[in-house]
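Close look at the chain arrangement
Here are the chains, one letter per residue:
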Amino acid sequence: MSHSVINPSELHDPIPYGYSHTAAVPAGTGLVFVSGQYGSGKDGMVVSADFAGQVKQAFANLGVALASHGLDHSNIVQLRTYVVGPDFEKLGIIGSVVHDSCGSCHRHRP
C-alpha cells in the first residue's frame, strides 16, 4: 500500500533521527498517522523546563503536523500520551490542554 510522508518545515527535521512527522495511508487520503510530538522548537530542543509549557508546545506541534494534511485537532480520532513520571497534576495539565485544543470539537474529543 502506498503512503505519503510530510515533514512540515515549521517543525524540526526528523530525518537524521530516522522517522517522519506524518504519514498518510494510503497516499492522498485522510487517514494520517502523526509521530510522537513533544515540546520542541524548530531546532528540536525542548522549549521549556515547565511541564505545562512542554505540553502546550507539543499540541501546537501536533496542530502543525495535522495542518500539513489540511486537518486540525477536530480530526483526531485517537490520541496517546506518554509521560515521564506521571501523576495527577501532570494528567490534569494534559487534560486541560486537550480540552483547550479539542474543546470546540463538536462531535467528540479524543
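Within every chain, residues take consecutive numbers counted from 1 along the sequence as written. Local features in this predicted model are restricted to residues whose pLDDT is 70 or higher, and side-chain atom pairs enter the listing and the counts only when it is 80 or higher, whereas totals over whole chains, interfaces and linings include all residues. Side-chain numbers here rest on the full set of heavy atoms in the structure, without hydrogens or water.

What follows is about the overall build of the chain. Only runs of H or I of at least four residues qualify as helices and only runs of E of at least two qualify as strands under DSSP, and these elements are numbered from the N terminus. Helix and strand counts for the chain come out as 2 helices and 3 strands. Scanning the chain from its N terminus toward the C terminus, one meets helices and strands in the order β-β-β-α-α. Computation of the radius of gyration draws on C-alpha atoms, with the globule rule given as 2.2 Å multiplied by the number of residues to the power 0.38. Expected size for 110 residues packed as a compact globule is a radius of gyration near 13 Å; at 14 Å, the chain falls within 12% of this value. By its C-alpha atoms, the chain is 40 × 35 × 20 Å across when sized along the principal axes.

Within soluble globular proteins, side chains that are nonpolar generally end up buried alongside one another. Buried Ala, Val, Leu, Ile, Met, Phe, Trp, Tyr and Cys residues that are joined via side-chain atoms within 4.5 Å together make up what is termed a nonpolar core. Accessible area is worked out with a 1.4 Å probe on protein chains only. A residue is then buried under 20% of its type maximum, exposed over 50%, and partly exposed in between. Counting residues in each nonpolar core, the largest one holds 14 residues, and the members touching the most others are V55, F59, L62, L66 and I76. Within the residue set of this core, elements represented by two or more residues are α1 (51–67) and α2 (88–102). Residue contacts for L62: discarding those within four places in its chain leaves V34, Q37, H73, I76 and L79. When checking whether two residues touch, look at their non-hydrogen atoms; a contact exists if any pair is within 4.5 Å.

Before going further, it helps to spend a moment on α2. Each α-helix turn comprises 3.6 residues. Residues three or four places apart therefore point the same way. By definition here, a helix of n residues has an expected span of 1.5 Å times n minus one. For α2, with 15 residues, the first-to-last C-alpha span of 20 Å sits near the 21 Å given by 1.5 Å per residue. Within α2, the full set of buried residues consists of I93, I94, V97, V98 and C102. Down the axis of α2, the smallest arc covering the buried residues is 140 degrees, so these residues share one side. Exposed and facing more than 90 degrees away from the buried side of α2 are F88, E89 and D100. Lining the buried residues of α2 we find α1. Here a polar contact is recorded for every N or O atom pair within 3.5 Å, except that within protein the pair must consist of a potential hydrogen donor and a potential acceptor, and residues adjacent in sequence are included only if both atoms are side-chain atoms. Sitting at the amino-terminal end of α2 is D87, which places a side-chain oxygen 3.1 Å from the backbone nitrogen of E89. When we speak of the arc, we mean the arc of directions from the helix axis to the C-beta atoms.

This next bit is on the packing of aromatic side chains. Each Phe, Tyr or Trp ring (for Trp, its six-membered ring) is paired with any other whose centre lies within 6.5 Å, and the angle between the two planes then decides the class: stacked below 30 degrees, edge-to-face above 60, tilted in between. The final tally for this structure, using the stated rule, is 0 aromatic pairs. In this structure, K90 is placed above the aromatic ring of F51, and the distance from its NZ or CZ to the ring centre is 5.4 Å. By definition here, charges over rings are those cases where NZ of Lys or CZ of Arg is within 6 Å of the ring centre and within 35 degrees of the ring normal.

With that settled, the discussion passes to unusual backbone geometry. Note that the residue after V25, namely P26, is joined by a cis bond; omega there is -15 degrees. Following the sequence through the fold, P26 ends up in the loop between β2 (22–24) and β3 (32–34).

Moving on, we get to the environment of G85. Positionally, G85 belongs in the loop between α1 and α2. Take G85: its relative accessible area is 45%, and that puts it in the partly exposed class. The spatial distance from the C-alpha of G85 to the C-alpha of Q37 is 18 Å, given a sequence separation of 48 residues.

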